[in-house]
Amino acid sequence: MTTPDPETTEQPEAPPKYQVSFERLGELKRSATNLVAERRPASCPSRQKPDHELTDAQKLVDEVAEHCADDEGFIRTEMPVQEIVFRTLLARRNAPTLLGDLLYELTDRWATPVRPITLTEEGLARILDADTYYGFVRVPTGGG
């Protein structure tokens, strides 16, 4: 019996996960706080504060996630694909999310006969990996 050579044995690649990186947004010279604040539903308590008092992007993400579930207009089918992904991640408290779950949201939940969204996982990964606006990053995962 022979043992497989570890260099030639391919480990299955872990499914990719994505999230919004505040650090990446900083590299892009974009304010994570402003980007999230612009998407707060009217029901968010921080809407009562002046924008200059908003300093914690993660706190805003948590607030958006808590209040957007009841807001029917938070995600709309006519939004661009990247905006839908961004808002989906905000609604999930920016938890690393499987690419397949993001694709499902786009193609099964938000696509309509008037606005079909036909993407593959590879196509969506290319869109997210090439992003220079929303700060999407592929989250490092372990093999297998």
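One can find the structure itself at the top, above this paragraph.
Residue numbers here run from 1 along each chain, matching the order of that chain's written sequence. Totals for whole chains, interfaces and linings use all residues, but because this is a predicted model, local features are given only for residues with pLDDT of at least 70 and pairs of side-chain atoms are given and counted only at 80 or more. Derived side-chain values reflect all non-hydrogen atoms in the structure, with water molecules and hydrogen atoms excluded from consideration.

K.L.:
Give me the lowdown on the overall build of the protein, citing residues and values where you can.
P.N.:
Each helix is a run of DSSP H or I of at least 4 residues and each strand a run of E of at least 2, with the numbering of both proceeding from the N terminus. Of regular secondary structure, the protein possesses 6 helices and 3 strands. Reading the protein from its N end, one meets helices and strands in the order β-α-α-α-α-β-α-α-β. Buried positions account for 38% of the 144 residues belonging to the protein. The contact rule is simple, with two residues in contact once any of their heavy atoms fall within 4.5 Å. For the protein, restricting intrachain contacts to residue pairs at least 6 apart in sequence, the fraction spanning at least 24 positions comes to 66%. Under the convention used here, a 1.4 Å probe and the Shrake-Rupley method define accessible areas, while residue burial counts only the protein chains that appear. A total accessible area of about 8900 Å² is found for the protein, and carbon and sulfur atoms account for 50% of it. Accessibility here uses a 1.4 Å probe with only protein chains present; expressed as a share of the type maximum, an area under 20% marks a residue as buried, one over 50% as exposed, and anything in between as partly exposed.

K.L.:
How would you sum up helix α3 (residues 57–68)? Please name residues and give values.
P.N.:
In a helix, the anticipated span is given by 1.5 Å times the number of residues less one. Its 12 residues give α3 an end-to-end C-alpha distance of 16 Å, which sits within 8% of 16 Å, the value for a rise of 1.5 Å per residue. Of the surrounding elements, those touching the buried residues of α3 are α1 (22–27), α2 (32–37) and α4 (81–91). We define a polar contact as two N or O atoms separated by no more than 3.5 Å, with the added condition that, inside protein, one atom must be a possible hydrogen donor and the other a possible acceptor, whereas residues neighbouring each other in sequence contribute only through side-chain atom pairs. One side-chain oxygen at the N-terminal end of α3 lies 3.1 Å from the backbone nitrogen of Q58; it belongs to D56.

K.L.:
Describe the packing of aromatic side chains, and please don't skip the residues or the numbers.
P.N.:
Any pair of Phe, Tyr and Trp rings, taking the six-membered ring for Trp, is counted once the centres come within 6.5 Å. Such a pair is stacked with planes under 30 degrees apart, edge-to-face with planes over 60 apart, and tilted for the rest. Evaluation of the coordinates by the stated rule reveals 3 aromatic pairs. With 4.7 Å between their ring centres and 75 degrees between their planes, Y133 and Y134 make a pair best called edge-to-face. For Y133, a relative accessible area of 35% puts it in the partly exposed group. Taking relative accessible area as the criterion, Y134 reaches 8% and is therefore assigned buried. Each ring, one from Y134 and one from F136, has its centre 5.5 Å from the other, and the planes form 25 degrees; the classification is stacked. Here Y134 matches F136 in class, with each residue buried. Three or more aromatic residues joined by ring pairs form one cluster here, namely F86, Y133, Y134 and F136. For a Lys NZ or an Arg CZ to count as sitting over a ring, it must be within 6 Å of the ring centre and within 35 degrees of the ring normal. Above the ring of Y133, the side-chain terminus of R30 is found at 3.8 Å from the ring centroid. For the cation-ring pair, R87 lies above F74, with the distance from its terminal atom to the ring centre recorded as 5.2 Å.

In short, geometric facts, not functional conclusions.
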